[in-house]
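Understanding the architecture of this molecule
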Amino acid sequence: MKKILLLIAVMLFITSGVIAQNKATITSTQAGDWDQTSTWVGGSVPSSTDDVVIAHSLDVDDTRSCNSITINAGARLDVEASLTVANTSTMAAGGLLKIKSGGTYTQTTGNFTNTQGTIQILPGRAMIFSDAGSTLTNTGTITISSNSSAYGALMLPGTYTESGAGVVNYSRFLAGTATWELIGPMLSGYSIEDFVEDNDDIATGNGSGDGASGEYAVGVYTNTSEAYSAGNTWQNYTTSTVGAAGNLEPGKGYQMATDNAGSGGGAEINFTGNIETGNVSETITNNEEGSSNANGADGTKFALLSNPYPSYITVASFISGNTAALHDSHEAVYGWDGSQYDTYNSGTGGNIAPGAGFMVGAVGPDANSSTVTFTVSMQVNGGGEDFISGDAMDPDDRAELFIGISQNDISRRTKLFFLDNTTDGLDLAYDAGTLDIANNMIFSRLVEGDQGVDMSIQSLAYSEMWDKVIPIGVNAMAGEEMTISVTHTTTPADLKIYLEDTQEGTYTLINNEDFVLTPTSDLEGIGRFFIHMTADTLSNEEVNTSLLNAYKKVDSNYITIEGLSTQSTSTQVSLFNILGTKVMDTTLDNTSNTQMISTNG
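Computed from a predicted structure; not experimentally measured.

Quick look at the side chain of Ser459
Tracing the sequence through the fold places Ser459 in strand 38 (residues 455-461). In this structure the side chain of Ser459 is engaged in a polar contact, spanning 2.7 Å, whose partner is the backbone oxygen of Tyr430. In this structure Ser459 touches Phe417, Leu419, Thr422, Thr423, Asp427, Tyr430 and Asp431, once residues within four positions along its chain are discounted.

Right under this line is the structure:
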C-alpha cells in the first residue's frame, strides 16, 4: 500500500511540473520581430499558452498565438499577419495596437481593456472578438479606416463600454458628386447636424458644392407616390432642416457625396459613435400602388438600408433572416457601384461592407410595413471590397452565365445561375427581380410561372442546363447601335449559347460573336429575344420560338398581355368570368408589344 501511495505522489509532482513549464509570462526585452529570440527576455519566443507583455515596439509578421497580451504604456504592437489571443488582454495609456497590411487580430475569449491607448485598424484589416461574452472597454481611441476599395472591420458580438476620453472613429472613403454613394452609419449616436458640420468635404448646394440652395449632399430615399409626384424621392437635408434631423440611424441608408476632393474624386469622412453589439431593426414599407408605370409614379416597394456594424455581414444570412419582410420576387439586395445597381442574393453570395447601403424590396400589399432585422450572427470575418464574392455553392454543381448589353456607352447585364437546388419557377432568395427605379436595359423572365416580373438574377437547375430556352427582355433606343454578348460564363465548353431574334429570324452564337443591331424603333419588354442553350447547332431556318404571356398582378385592375409584336397583325382576346361566361371580346393591334386590358366592372 505504501508503494502505491508513493507512486501517486510522484505522478502528481510530474504533472504539476509540466503545467508550470508550458505556461509562462514572457516580456519583450527590445524592439524587434515577434519571431526573433533576441526580442524576448530569456531568449524564448512566446508559445500559444504564454502570457505576453509588450514593453517595446514589436512586429507580428507571421502567424502567431498566445494566451493573453499586455501592451505597456508607450509600447507598440504592429500586427501584419494573423495573431490569435486566447484570453483577456489590456493596453495601458500611450500604448498602440496597429492592425496593418496583412494583419488580423482575433481574440477568442475574455475581455480587452484599452486604457487611454490607441487601436488602429487599417483598410482591409480586421479585429475580431469571437466570444459573445467578451467586453471591449475603451477609455482611449479606436480608429477604423477605409479607402476606395477596402474597409477596416471590428467584429464585436459581445459588449462595448466607453467612458472618459474614449472614442471610436470610422474613417470612410466617400465618392464625389460625379457618382454619389449609398451609405449608412456603422457607429451609433452621431447627430446628422454634427456629421455635416464635422466633415467639411461633404458637398453642399444640390450636391454641386456651390452652396446656393443650402443643401447638404446627405439625404434619404422616400418611396411614396406623393414623393414621386413632387419630385422628392431623394430628399437632401438643408441648413434649415438639419438641426431637427436627429441622429444618423443605424440600419437606415442615406445618399451622400463629397465635393470631389482627393485623387479621382471623393474624400475621407469620419463617423464617430458607439459600436452596435446587438440586433438592429428597421421598418420598411411597400408603397407600390399597382400602377403600370415602371418608373414608380404610384410609389415603389423599395427601401434603402445599410449595414449597421463596423464589420462585414453576409448577403445570404441577411436574406435568410428576413424572408418574411422581403418581397418574394425580390429576396435580394441591390448595391450601387457608382454607375449602376447590381443584384446579390443567395445564389451570388457576397459580403456587405461596414456601413454599405443597399436597396431591398418590401413585401406587399400596398402600404404594408414590415421589419427588417440585422443580427450579430450575420457578421463575418471579412475584409477588402464591398459585396465581395462569397462561395455560395459547391463549384462542381454550379455554372454562371451573364448576358450583357451596351448602347451609347452604357452597359448593363443580367445574370443566370445554374445550381442543383433550383427550378424553372420562382426560387425564393435565388431568383431576384430587377430594381424598378434603375435603368434596366436587359433582363430575363422565369422559364415557368412568369407573372410579369423582370428578373435581374434567374437560377435554374444545373442538371437541366442543356436544351434550355430563356426569354430575354431588352429596353433600347431606336437609331443607336446596340450589342448583346456573353460577358461572363463558367458553363461547359461544349454548350452552345445562341441569341434568337424572332423578328429578324436569326440565331447568333454569342459564345463566339456579339449580336449587333441598330433598332429601327424603340425596343421594350420581352417576346423578341431568347437565349437557347444546347449542344446542337441551330440555323436561321429553325427560328420559331413564340412568347405570348397574359397575367394579372396582385391588386392591379388590368390584365397585361406581352409578346404581341411576335404574333400576326392582330390578336383576338376573350375574357371569361369564373362561371365560364364571356364578359368581353376585343381585338388588339400588335404594333405595341405590351398592352393592358382593364378589369374595372
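Here's the deal with the layout of surface pockets
Considering only enclosed or pocket space, the second largest pocket measures out at about 450 Å³ in volume. When residues of the lining of the second largest pocket are traced back to their parent elements, those giving at least two are strand 19 (167-174), strand 20 (181-183), strand 28 (333-336) and strand 29 (341-344).

Some remarks on the packing of aromatic side chains
In the structure shown here, the tally under the stated rule is 13 aromatic pairs. A centroid spacing of 5.3 Å and a plane angle of 75 degrees characterise the contact between Trp34 and Trp40, whose relative ring orientation is edge-to-face. The same class applies to Trp34 and to Trp40, which are both buried. Ring geometry for Phe515 and Phe529: centres 5.8 Å apart, planes at 75 degrees, overall edge-to-face. With Phe515 in strand 43 (residues 515-517) and Phe529 in strand 44 (residues 529-534), this residue pair connects regions lying 14 residues apart in the sequence. A relative accessible area of 6% places Phe515 in the buried class. Look at Phe529 and you get buried, because its relative accessible area is 3%. Put simply, the rings of Tyr190, Phe195 and Phe271 pair up and form one aromatic cluster.

Some thoughts on the sheet that holds strand 18 (residues 159-162)
Sheet strands pair by backbone hydrogen bonding; their relative direction is either parallel or antiparallel. On the basis of which strands lie adjacent, the open sheet formed by seven strands has the order 1-3-6-9-12-15-18 and parallel pairing. The open sheet terminates on both sides in strands that have one partner only, identified here as strand 1 (25-27) and strand 18. Going across the sheet, the axis of each strand differs from the next one's by a mean of 10 degrees, ignoring polarity. Pairing of strand 15 (residues 135-138) with strand 18, which is carried by four bridges, proceeds in the parallel orientation. By the bridge assignment, Thr137 is partnered in strand 18 with Thr161.

Looking at the sheet that holds strand 7 (residues 76-79)
An order of 2-4-7-10-13-16-19-24 is seen for the eight strands of this open sheet, with the pairing classed as mixed. Here the strands that pair on one side only, and so sit at the sheet edges, are strand 2 (32-33) and strand 24 (267-273). In this structure, strand 7 lies alongside strand 10 (residues 96-99), joined through four bridges in parallel fashion. Looking at the pairing, Val79 lines up with Ile99 of strand 10.

Focus on a negative patch on the surface
On the surface, Glu193, Asp194, Glu197, Asp198, Asp200 and Asp259 cluster together to form a negatively charged patch. Of note, Glu193 is situated in helix 2 (residues 192-198).

What to know about the pairing of strand 11 (residues 104-107)
Burial along strand 11 is two-sided: the residues Thr104 and Thr106 and Tyr105 and Gln107 are all buried. Bridge count between strand 8 (residues 82-85) and strand 11: four bridges; the pairing is parallel. Looking across to strand 11, one finds that Thr84 is bridged to Thr106. Pairing of strand 11 with strand 14 (residues 126-129), which is carried by four bridges, proceeds in the parallel orientation. Of the residues in strand 14, the one forming a bridge with Tyr105 is Met127.

Here's the deal with the pattern of salt bridges
Two side chains with opposite charge may pair up if their charged atoms get near one another. Inspection of the entire model under this criterion finds 16 salt bridges. A salt bridge links Asp454 to Arg445; the nearest nitrogen and oxygen atoms lie 2.8 Å apart. Given a relative accessible area of 3%, Arg445 falls into the buried group. Each of the salt bridges in this network shares a partner with another, and the network as a whole consists of Arg76, Asp78 and Lys100.

What counts and how
Residues numbered from 1 in each chain as written. Predicted model: local features only at pLDDT ≥ 70, side-chain atom pairs only at ≥ 80, totals over all residues. Heavy atoms only, no water. Helix = DSSP H or I, 4+ residues; strand = E, 2+ residues; numbered from the N terminus. Polar contact = N/O pair within 3.5 Å; in protein donor to acceptor, adjacent residues only side chain to side chain. Contact = heavy atoms within 4.5 Å. 1 Å grid on protein atoms, 1.4 Å probe; cavity = no way out; pocket = protein on both sides within 12 Å on 5 of 7 lines; lining within 4 Å. Points joined across faces, edges and corners; volume = space filled by probe spheres on them. Phe/Tyr/Trp six-rings, centres within 6.5 Å; stacked < 30°, edge-to-face > 60°. Buried < 20%, exposed > 50% of the residue type's maximum accessible area, 1.4 Å probe, protein only. Pairing = 2+ DSSP bridges. Axes fitted to C-alpha atoms, helices over the stretch in contact; angles between N-to-C directions. Patch = residues over 30% accessible without salt bridge, like charges linked within 9 Å, V, L, I, M, F, W, Y side chains within 5 Å. Areas by Shrake-Rupley, 256 points an atom, 1.4 Å probe, with all protein chains shown as cover. Salt bridge = Lys/Arg side-chain N within 4 Å of Asp/Glu carboxyl O. Lys, Arg positive; Asp, Glu negative; His and termini not counted. Charge placed at Lys NZ, Arg CZ, Asp CG, Glu CD.

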